[in-house]
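Listed below are the residues making up each chain.
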Amino acid sequence: MSDPVLSTVTRFAPSPTGLLHLGHAYAALFAFRAAQETGGRFLLRIEDIDTGRCRAEFEDALYEDLAWLGLSWETPVRRQSEHFDAYARALDVLSAMDILYPCFCTRKDIAAEIERSGHAPHGPDGPLYPGICRALSPDARAARIKRGDSYALRLDMARARVLTGPLMWFDRTRDRTVAATPEIFGDVVLARKETPASYHLACTLDDHIQGVTVVTRGEDLFAATHVHRLLQALLTLDTPHYHHHPLLTGETGERLAKRDKALSLRALRAAGRSPEAVIALTGL
Ligand code: GLU
C-alpha cells in the first residue's frame, strides 16, 4: 500500500437506501477534503449489497446531490452489487482456514437460548451469538444443508483470534494506535442467504481493492473497525489509517437520519439554499 500520509486515497461509501442528508454531506466533504489537502484521490463507492433495500433512484439522486455540492470523483464508481463473486472468493479463503461455520438459527432460536442460559453478554450490535451452531458436527451441518435449511455464515471468533494474535490500527481521531478487540462482537455473520456478503466483509475487501489509504467515516462505525482489522489480517489485506469523525446532530442533539426529510440535500436545495450555504451548515 502507498504511504497514507504522502498519497491519500479516501472514499465516501453511501448505501442508496434513501436520500442523502446533511450528515452525509459532512461525511462526503470530509473525505473529499482529506484527499484534496494532500493532492490525493477521492473515490465514491456504492454500498448496495442489500439489494432489497437499495434503490436505483436513490443512487441516481446521490450522484446528482454530490455533484451539486461541488464534489467530483473517479469513475467508474465501484458498485458492490457487481462484485458478489469477489466476496464469495474471500469467504472461500476463510472457509479453507476452517474459521467459518453455517448457522441455522432464527432470531427466535437465539433469543430462546439466551433466555434458557440466563447469560447474555452484549457486544456493539446487541447480545452476542450464544454459539449454538458452532457445536454442530460436520455430519449434522451437511444434513441440514442438504435438506435445504437456510443458513448464515458466521466467523468462529475464537479460532480466528488464535490465528491472528494482537492487532492494531492507527486512528487519526485519537492520534495513536488502537488495539483491535474484535472478540467484543462474538461470532459475527459474514454472509446471509439474501445478502451473500456482510457490510464488514464487502467494505474491508473493497477498501483494499480500491487502494484506500485513509478510511474516514462516522464515529458510529468505530466499533466496526475492530472486525475490519481482523478481516484484514485473515485475508492478508492492507490496513489503512482510520479517521472516525463526529456525527452531525440535529438541534436537540439527536443523530440525523435518512428519514429526516427536511434535512435531505434535496429539501435544502428546493428551499433555495446554495451549495455554499449547505456546506456552511455542515460546519466544515
Ligand atoms: N455504507 C456505510 C453507511 O452508509 C458506510 C460504510 C463506511 O464508511 O465504512 O453507513
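Remember, predicted model here, so these are calculated numbers, not experimental data.

Analysis parameters
Each residue is numbered by its place in its chain's sequence as written, counting from 1. Restriction of local features to residues with pLDDT of at least 70 applies here, the model being predicted, together with a cutoff of 80 or more for giving and counting side-chain atom pairs; totals for whole chains, interfaces and linings are based on all residues. Side-chain calculation: all heavy atoms of the structure are included, whereas hydrogens and water are not. For the purposes of this entry, the term helix denotes a DSSP run of H or I that reaches at least four residues, the term strand denotes a run of E that reaches at least two, and both are numbered from the N terminus. Radius of gyration here uses only the C-alpha atoms, and the compact-globule reference equals 2.2 Å multiplied by the residue count raised to the power 0.38. Burial here depends on accessible area, computed with a 1.4 Å probe over protein chains only, as a share of the maximum for the residue type. Under 20% is buried, over 50% is exposed, and the range in between is partly exposed. Using the Shrake-Rupley algorithm and a 1.4 Å probe, accessible areas are obtained, with residue cover drawn only from the displayed protein chains. Asp and Glu are treated as the negative residues and Lys and Arg as the positive ones, with His and the ends of the chain left uncounted. For this purpose, a charge sits on NZ of Lys, CZ of Arg, CG of Asp or CD of Glu. Every axis corresponds to a line fitted to the C-alpha atoms, with the helix fit spanning only the stretch in contact, and the corresponding angles, defined between N-to-C directions, vary from 0 to 180 degrees. In these notes the angle categories are as follows: under 35 degrees is roughly parallel, over 145 is roughly antiparallel, 65 to 115 is roughly perpendicular, and the rest is oblique. Here a residue-residue contact requires only that any non-hydrogen atoms of the pair lie within 4.5 Å. Charged residues are taken to be Asp, Glu, Lys and Arg, nonpolar residues to be Ala, Val, Leu, Ile, Met, Phe, Trp, Tyr, Cys and Pro, and polar residues to be all remaining types, Gly included. In this description, a nonpolar core means a group of buried Ala, Val, Leu, Ile, Met, Phe, Trp, Tyr and Cys residues linked to one another through side-chain atoms lying within 4.5 Å. Residues are labelled near a given molecule or strand when at least one of their non-hydrogen atoms is within 4 Å of it. What qualifies as a polar contact is a pair of N or O atoms within 3.5 Å, subject to a donor-acceptor requirement within protein and to the restriction that residues adjacent in sequence count only when both atoms come from side chains. Less than a right angle of anticlockwise turn of the near helix away from the far helix marks a crossing as left-handed, whereas a clockwise turn marks it as right-handed. Pairing between two strands is assigned when DSSP locates at least 2 bridges connecting them.

Draft legend 1. Main features of the overall build of the protein. On a plain count of helices and strands, the protein comes out with ten helices and twelve strands. Taken over C-alpha atoms, the radius of gyration comes to 20 Å for the protein, in line with the 19 Å a tight globule of 284 residues would show. Once the C-alpha set of the protein is aligned to its principal axes, its extents read approximately 65 × 40 × 35 Å. Put simply, the protein has 284 residues, and 48% of those count as buried. Accessible surface computed for the protein: about 14000 Å², of which carbon and sulfur atoms make up 53%. Across the protein, 34 positive and 36 negative side-chain charges occur, with their mean positions spaced 3 Å apart.

Draft legend 2. Representation of the packing of helix 1 (residues 22-36) against helix 10 (residues 275-282). Taken N-terminus to C-terminus, the directions of helix 1 and helix 10 make an angle of 90°; their axes are 9 Å apart at the nearest point. In this view, helix 1 runs roughly perpendicular relative to helix 10, as classed from their interaxial angle. When helix 1 is examined against helix 10, the residues L22, A25, Y26, L29 and R33 are found in contact with a partner set consisting of V278, I279, L281 and T282. Looking at the contact of helix 1 with helix 10 residue by residue, the classes come out as seven nonpolar, one polar and one charged.

Draft legend 3. Examining the nonpolar core more closely. Counting residues in each nonpolar core, the largest one holds 35 residues, and the members touching the most others are L94, L155 and L190. Of all the secondary-structure elements, those providing two or more residues to this core are helix 3 (84-96), helix 6 (157-164), strand 10 (189-191), helix 7 (199-209) and helix 8 (224-234). Among the elements that make up this core, the one with the highest residue count is helix 3 (five residues). Discounting residues that sit within four places of it in the chain, L155 has contacts with I99, L100, Y101, A160, D187, V188, L190, L230 and L234. In this structure, F42, W68, V77 and L268 belong to the second largest nonpolar core, which totals 24 residues.

Draft legend 4. Layout of the site of the ligand. In the neighbourhood of the ligand, the contacting residues comprise R11, A13, P14, S15, E47, Y199, C203, R217 and L221. Contacts to the ligand include Y199, whose side-chain N or O atom sits 2.9 Å from an oxygen atom. Between the ligand and the protein, one listed contact pairs an oxygen atom with a side-chain N or O atom of R217 at 2.9 Å. Protein chains bury 77% of the 300 Å² of accessible surface belonging to the ligand in isolation. For the shell around the ligand, the class distribution of residues is five nonpolar, one polar and three charged.

Draft legend 5. Summary view of the packing of helix 6 against helix 8. Between helix 6 and helix 8, the least distance of the axes is 10 Å, while the angle of their chain directions is 60°. On the basis of the axis angle, helix 6 is oblique to helix 8. In the crossing of helix 6 with helix 8, the sense of the turn from one axis to the other is left-handed. Residues M157, A160, R161, L163 and T164 of helix 6 form the contact with helix 8, whose own contacting residues are L230, A233 and L234. Each residue belonging to the contact of helix 6 with helix 8 can be placed in one class, and the counts come to six nonpolar, one polar and one charged.

Draft legend 6. Fine view of helix 8. Of all eleven residues in helix 8, ten are buried, a share of seventy percent or more. Taken together, the buried positions of helix 8 are occupied by A224, T225, H226, V227, H228, R229, L230, L231, Q232 and L234. In the segment just after helix 8, T236 is the residue with positive phi, at about 45°.

Draft legend 7. Examining the pairing of strand 9 (residues 176-179) more closely. With four bridges connecting them, strand 8 (residues 168-171) and strand 9 associate as antiparallel partners. Bridging across to strand 9, F170 finds its partner in T177. The hairpin turn running from strand 8 into strand 9, its antiparallel successor, is four residues long, and D175 in that turn takes a positive phi close to 60°.

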